[in-house]
Amino acid sequence: MVDLSVNIGKLRMRNPVMTASGTFGYGFEFDDFIDVDSLGAIIVKGTTREAREGNAYPRMAETPMGMLNAVGLQNKGIDYFVSDIYPRLLKYKTHVIVNVSGSKIEDYLYVAEKLNDLESIPAIELNISCPNVKTGGMAFGTSCDSAAEITKAVRKAYDKTLIVKLSPNVTSVTDIAQVVEDAGADAISLINTIMGMAVDLDSRKPVLSTVTGGLSGPAIKPVALRMVWQVCNAVKVPVIGLGGIMSAKDALEFILCGATAVQIGTANFIDPRISQTIVRDLNTYFEKNNLKSIDDIRGTLITS
Amino acid sequence: MEVRKLIEDFSISNKYFLNAETFVLELKHTNMLPPIAPGQFVEVAVENAPHTFLRRPLSIHHVDYENNIISLFVKIVGEGTRKLSLLQIQDKVNMIYPLGRGFTLEHKKKVLLTGGGCGIAPLLYLADKLKENLCEVDILLAGKSSNDILRADAYKKFGHLLITTEDGSLGEKGLIIQHSVFKNNLQKYARIYSCGPERMMQAVARLAKAAKIPSEVSLENTMACGIGACLCCVVNTKNGHQCVCTEGPVFDSSELEDFQK
Ligand SMILES: Cc1cc2nc3c(=O)[nH]c(=O)nc-3n(C[C@H](O)[C@H](O)[C@H](O)COP(=O)(O)OP(=O)(O)OC[C@H]3O[C@@H](n4cnc5c(N)ncnc54)[C@H](O)[C@@H]3O)c2cc1C
Ligand SMILES: Cc1cc2nc3c(=O)[nH]c(=O)nc-3n(C[C@H](O)[C@H](O)[C@H](O)COP(=O)(O)O)c2cc1C
Ligand code: FES
């Protein structure tokens, strides 16, 4: 019997496959295609203190093997989440994790405190890496001081599993990872989208209303792998790898580099069944290769 | 009632070109098709096209339940649509469907359908269903010249066909809103449906509004997922940003901010 289970902080997941925030809605959008409960966990949309309309259309541009988005954290706010969405999420038996976003420390705290009280939300993912909001967001994730400050503050207000999601738009991702670990994060996830841009030659205008946006999809996988590998070598807490994963093979590459779990993002748009397919294919790979648990392969990259 | 969304392989049972850049694809499934509303769309996976990473949204042009065939009416504008045009009979095409909300179907009323460009795609199935509902269907197709008026014979089966071309090579001469149908007694219609370039739909919606007739339009914008998961496809409505892929693509024009100007 293959045992794919992994631990992320206090969270025990039946397998390492999670879905990435902003690419999986609230899970409901995928009920027609897969059994959401077959996944290790799902991470729902970025949730902020106040409702946000997000950025103006156009918010998406397709690019070679990827896409740029500038959604800008459109969501109805934490109070609406608690009153209207949370009750509907109770049907899921798998872990539901909320991605917490904001532009001020007080806002992150407000949201984290509300989520701390929700029994069926066992963890939060702190998004200090969103490139698509004007103030805050990514700003917290691009300096060691602010990353430490916000992680510490939220750690105090939140007792359950705290995952901090890092931005790739930094000079040294390991420096940020280390301060976030020291500040009390239970786990680190990376990468968020890479800041990018698309231009329409005919109109001589940027494609996105915000000019720049966040790049995701297979195009960013090499960067993501590199950063996950570096961070895994720099911290002790579990690392959740993501960025361009389209298959179990991709997921295993992240695990080889040291990731304890993975998140599936943009791939959900191409094939809404992909997350479940990856769970199945991981099982097959483990069986074929006589692997008993994730630890048999995690971090076993041969570099010399 | 929400119909379950499916992701399935179809095989091409027929393909024919209407002009150099427009073609119809008929896609056959082995099983019975689910109920599909006119105005709904599919997300097609385009294989072996390096610059086509995302699926392509295409309106459902017609449904043949007897033979389990969905037809698409496609205009070649880039690599994805070009790759689709090169597919051969028997080739497999993977689709997510049926997506979005379709048109409101009137019963036993007189209705007007207006379309231009590849915007006429969803109107054929709409006309079919409205006729089934015993509506009296007028269909106004518009184009720059007679070469742009495609599938006229197919549309004629389901209603009374009206045509307008900018150069007057077929039907009345002028823009769509200059057609005589808008000049006399528009109130005889219970609803006006329109699909085509946004400017055209806005102009039609304005006339409908002036005549106090409900009008529905079908929007196209850039989509990543087509199932409400990414929030990329928003349009400004009276209720803020809404996703075209789930709340639309069909909207009552009175809900859309850009249609109030
Ligand atoms: C709900 C919906 C229904 C649609 N129904 C049909 C249909 O029935 N028949 C049909 O031919 N097309 C339809 N479209 C448009 C179709 O999706 C695009 O033409 C197609 O995705 C283009 O892909 P491509 O790879 O060929 O071109 P690309 O290389 O992606 O684009 C070529 C050019 O077209 C522009 N473009 C691409 N997509 C759109 C769009 N959605 N709106 C405006 N400009 C665009 C691009 O900016 C670019 O300049 C629909 C779109 C939506 C959202
Ligand atoms: C449309 C879209 C919306 C996203 N929204 C969020 C979000 O709200 N919060 C967040 O932390 N990351 C968000 N992301 C980033 C993804 O969770 C993920 O980090 C990134 O896309 C890289 O993974 P991928 O290449 O597998 O998609 C979003 C990504 C996309 C494409
Ligand atoms: S295209 Fe993803 S939400 Fe509409």
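Data block above holds the structure.
For the structure given in this document, a descriptive report is provided here. (Residues numbered from 1 in each chain as written. Chains lettered and ligands numbered in written order. Predicted model: local features only at pLDDT ≥ 70, side-chain atom pairs only at ≥ 80, totals over all residues. Heavy atoms only, no water.)

**Notes on the sheet that holds strand S16 (residues 250-252) of chain B**
Residue and element names in this part refer to chain B.
Right, on to step 1. A sheet is described by the order of its strands in space; here seven strands give the open sequence S11-S10-S9-S8-S12-S13-S16, paired in mixed fashion. Only two strands of the sheet have a single neighbouring strand rather than two, namely strand S11 (172-173) and S16.
Right, on to step 2. Two elements, strand S12 (residues 191-195) and strand S13 (residues 215-218), share four bridges in a ladder whose sense is parallel. Across the sheet, residue Cys 195 finds its bridge partner in S13, namely Ser 218.
Right, on to step 3. The strands that helix H2 (residues 123-132) touches are strand S8 (110-116), strand S9 (136-143) and S12; relative to S8, the one it contacts most, it runs at about 170°. (Pairing = 2+ DSSP bridges. Helix = DSSP H or I, 4+ residues; strand = E, 2+ residues; numbered from the N terminus. Contact = heavy atoms within 4.5 Å. Axes fitted to C-alpha atoms, helices over the stretch in contact; angles between N-to-C directions.)

**Some remarks on the pattern of salt bridges**
All names here are of chain A.
Right, on to step 1. As enumerated under the stated definition, the model contains 20 salt bridges over all chains in all.
Right, on to step 2. As a salt-bridge pair, Arg 298 and Asp 295 come within 3.5 Å of each other at their nearest N and O atoms.
Right, on to step 3. Exposure remark for Arg 298: the relative accessible area of 34% places this residue in the partly exposed category. (Salt bridge = Lys/Arg side-chain N within 4 Å of Asp/Glu carboxyl O. Buried < 20%, exposed > 50% of the residue type's maximum accessible area, 1.4 Å probe, protein only.)

**Things to note about the interface of chain B and chain A**
Right, on to step 1. Tallying the contact residues gives 27 residues for chain B and 34 residues for chain A.
Right, on to step 2. Overall, the association of chain B and chain A removes approximately 2600 Å² of surface from exposure, summing both partners, and the carbon and sulfur fraction of that is 61%.
Right, on to step 3. When the buried surface of chain B facing chain A is broken down by residue, Phe 53, Leu 231 and His 241 of chain B rank first, second and third, together holding 28% of it.
Right, on to step 4. Here chain B is connected to chain A by one salt bridge.
Right, on to step 5. Here Arg 56 of chain B makes a salt bridge to Glu 62 of chain A, at a shortest N to O gap of 2.9 Å.
Right, on to step 6. One can count 10 residue pairs in polar contact (both at pLDDT 80 or more) joining chain B with chain A.
Right, on to step 7. Those elements that place two or more of their residues in the side of chain B that touches chain A are strand S1 (6-19) and strand S15 (240-243) of chain B.
Right, on to step 8. Per-class residue counts for the side of chain B that touches chain A are 16 nonpolar, seven polar and four charged. (Buried area = accessible area lost by both parts, 1.4 Å probe. Polar contact = N/O pair within 3.5 Å; in protein donor to acceptor, adjacent residues only side chain to side chain. Nonpolar A, V, L, I, M, F, W, Y, C, P; charged D, E, K, R; others polar.)

**So, the packing of aromatic side chains**
Residues and elements named next belong to chain A.
Right, on to step 1. With the rule as written, the count across this model stands at eight aromatic pairs over all chains.
Right, on to step 2. Among the aromatic side chains, those forming a connected cluster through ring pairs are Tyr 26, Phe 28, Phe 81 and Tyr 92.
Right, on to step 3. The lysine or arginine in question, Arg 49, covers the ring of Tyr 110, its NZ or CZ lying 4.1 Å from the ring centre. (Phe/Tyr/Trp six-rings, centres within 6.5 Å; stacked < 30°, edge-to-face > 60°. Lys NZ or Arg CZ within 6 Å of the ring centre and 35° of its normal.)

**Some details on empty space enclosed by the protein**
Sizing a probe to match a water molecule and rolling it over the atoms shows the empty space that remains.
Residue and element names in this part refer to chain A.
Right, on to step 1. Counted according to the given criterion, the structure contains one cavity of 30 Å³ or more.
Right, on to step 2. Taken as a whole, the largest cavity spans an internal volume of roughly 540 Å³.
Right, on to step 3. Residue lining of the largest cavity: 37 residues in total, with Ser 21, Gly 22, Thr 23, Asn 69 and Thr 193 positioned closest to the centre.
Right, on to step 4. Where the lining of the largest cavity is concerned, the elements lending two or more residues are strand S4 (41-47), strand S6 (66-69) and strand S16 (261-264). (1 Å grid on protein atoms, 1.4 Å probe; cavity = no way out; pocket = protein on both sides within 12 Å on 5 of 7 lines; lining within 4 Å. Points joined across faces, edges and corners; volume = space filled by probe spheres on them.)

**A word on the site of ligand 2**
Right, on to step 1. Not every one of the 22 residues close to ligand 2 is listed here, only the nearest: Ser 21, Lys 165, Gly 217, Gly 244 and Thr 266 of chain A.
Right, on to step 2. More than a single chain frames ligand 2: its nearby residues are located in chains A and B.
Right, on to step 3. Within the backbone of Gly 46 of chain A, an N or O atom sits 3.3 Å from an oxygen atom of ligand 2.
Right, on to step 4. Between ligand 2 and Ile 191 of chain A, the relevant distance is 3.0 Å, taken from an oxygen atom to a main-chain nitrogen or oxygen of the residue.
Right, on to step 5. Here ligand 2 has 600 Å² of accessible area as a free molecule, and 96% of this is covered by the chains.
Right, on to step 6. Of the pockets mapped on this structure, ligand 2 occupies the largest cavity.
Right, on to step 7. Classifying every residue of the shell around ligand 2 by side-chain character gives six nonpolar, 15 polar and one charged. (Near = heavy atom within 4 Å. Areas by Shrake-Rupley, 256 points an atom, 1.4 Å probe, with all protein chains shown as cover. Sits in = over half its atoms within 2 Å of the grid points.)

**Examining the layout of surface pockets**
Right, on to step 1. Here the largest pocket is characterised by a volume of approximately 1200 Å³.
Right, on to step 2. The wall of the largest pocket is formed by 40 residues, among which Glu 29 of chain A together with Arg 101, Gly 228, Thr 246 and Glu 247 of chain B lie closest to the centre.
Right, on to step 3. Its residues placed into classes, the lining of the largest pocket shows 17 nonpolar, 10 polar and 13 charged.
Right, on to step 4. What the second largest pocket holds in volume is close to 1000 Å³.
Right, on to step 5. Mapped by element, the contributors of at least two residues to the lining of the second largest pocket are strand S5 (60-63) of chain A together with strand S4 (56-59), strand S6 (69-75) and helix H1 (79-85) of chain B.
Right, on to step 6. Looking at the lining of the second largest pocket residue by residue, the classes come out as 19 nonpolar, 11 polar and six charged.

**Regarding a nonpolar patch on the surface**
Right, on to step 1. The grouping of Met 197, Val 199 and Val 211 of chain A at the surface amounts to a nonpolar patch, some 270 Å² of accessible area in total.
Right, on to step 2. In this fold, Val 211 of chain A is placed in the loop between strand S13 (205-206) and strand S14 (212-216). (Patch = residues over 30% accessible without salt bridge, like charges linked within 9 Å, V, L, I, M, F, W, Y side chains within 5 Å.)

**Digging into the packing of helix H5 (residues 221-234) of chain A against helix H6 (residues 248-256) of chain A**
Residues and elements named next belong to chain A.
Right, on to step 1. Interaxial distance between H5 and H6 falls to 9 Å at its minimum, and their mutual angle equals 25°. By the angle between their directions, the pair H5 and H6 is classed as roughly parallel. Every residue of H6 that contacts H5 at Lys 221, Ala 224, Leu 225 and Val 228 is listed here: Asp 250, Glu 253 and Phe 254.
Right, on to step 2. Of the residues assigned to the contact of H5 with H6, the class counts are four nonpolar, no polar and three charged. (Parallel < 35°, antiparallel > 145°, perpendicular 65-115°, else oblique.)

**Let's talk about the site of ligand 1**
All names here are of chain B.
Right, on to step 1. Looking at ligand 1, there are 19 residues lining it, with Pro 57, Phe 73, Lys 75, Gly 80 and Thr 81 nearest.
Right, on to step 2. In the model, an oxygen atom of ligand 1 is placed 2.8 Å from a nitrogen or oxygen of the Arg 56 side chain.
Right, on to step 3. For ligand 1, the protein covers 72% of the area, taking 880 Å² as the surface of the free molecule.
Right, on to step 4. More than half of the atoms belonging to ligand 1 lie within 2 Å of the grid points that define the second largest pocket.
Right, on to step 5. Sorting the residues of the shell around ligand 1 by element identifies S4, S6 and H1 as the ones contributing at least two each.
Right, on to step 6. The biggest single contributor to the shell around ligand 1 is S4, with four residues.
Right, on to step 7. When grouped by side-chain class, the residues that make up the shell around ligand 1 number 10 nonpolar, five polar and four charged.

**Let's talk about the nonpolar core**
Right, on to step 1. Counting residues in each nonpolar core, the largest one holds 146 residues, and the members touching the most others are Phe 81, Leu 115, Ile 128, Leu 166 and Leu 190 of chain A.
Right, on to step 2. Once residues lying within four places of it in the same chain are set aside, the contact partners of Leu 190 of chain A are Leu 166, Val 173, Met 227, Val 228, Val 231, Val 239, Ile 240, Gly 241 and Leu 242 of chain A.
Right, on to step 3. Residues Ile 120, Leu 123, Ile 139 and Leu 150 of chain B belong to the second largest nonpolar core, which totals 27 residues. (Core = buried A, V, L, I, M, F, W, Y, C linked by side-chain atoms within 4.5 Å.)

**Digging into helix H1 (residues 78-89) of chain A**
Residues and elements named next belong to chain A.
Right, on to step 1. The terminal C-alpha atoms of H1 lie 14 Å apart, and with 12 residues this falls more than 12% below the ideal 16 Å at 1.5 Å per residue.
Right, on to step 2. Of all the residues in H1, the buried ones are Ile 78, Phe 81, Ile 85, Tyr 86 and Leu 89. Projected down its long axis, H1 shows its buried positions confined to an angular sector of 110°, all on one face.
Right, on to step 3. In this structure, the buried side of H1 is in contact with S4, strand S7 (95-100) and helix H2 (105-116). (Expected span 1.5 Å × (residues − 1). Arc of directions from axis to C-beta.)

Functional significance is not addressed by these values, which are geometric in nature.
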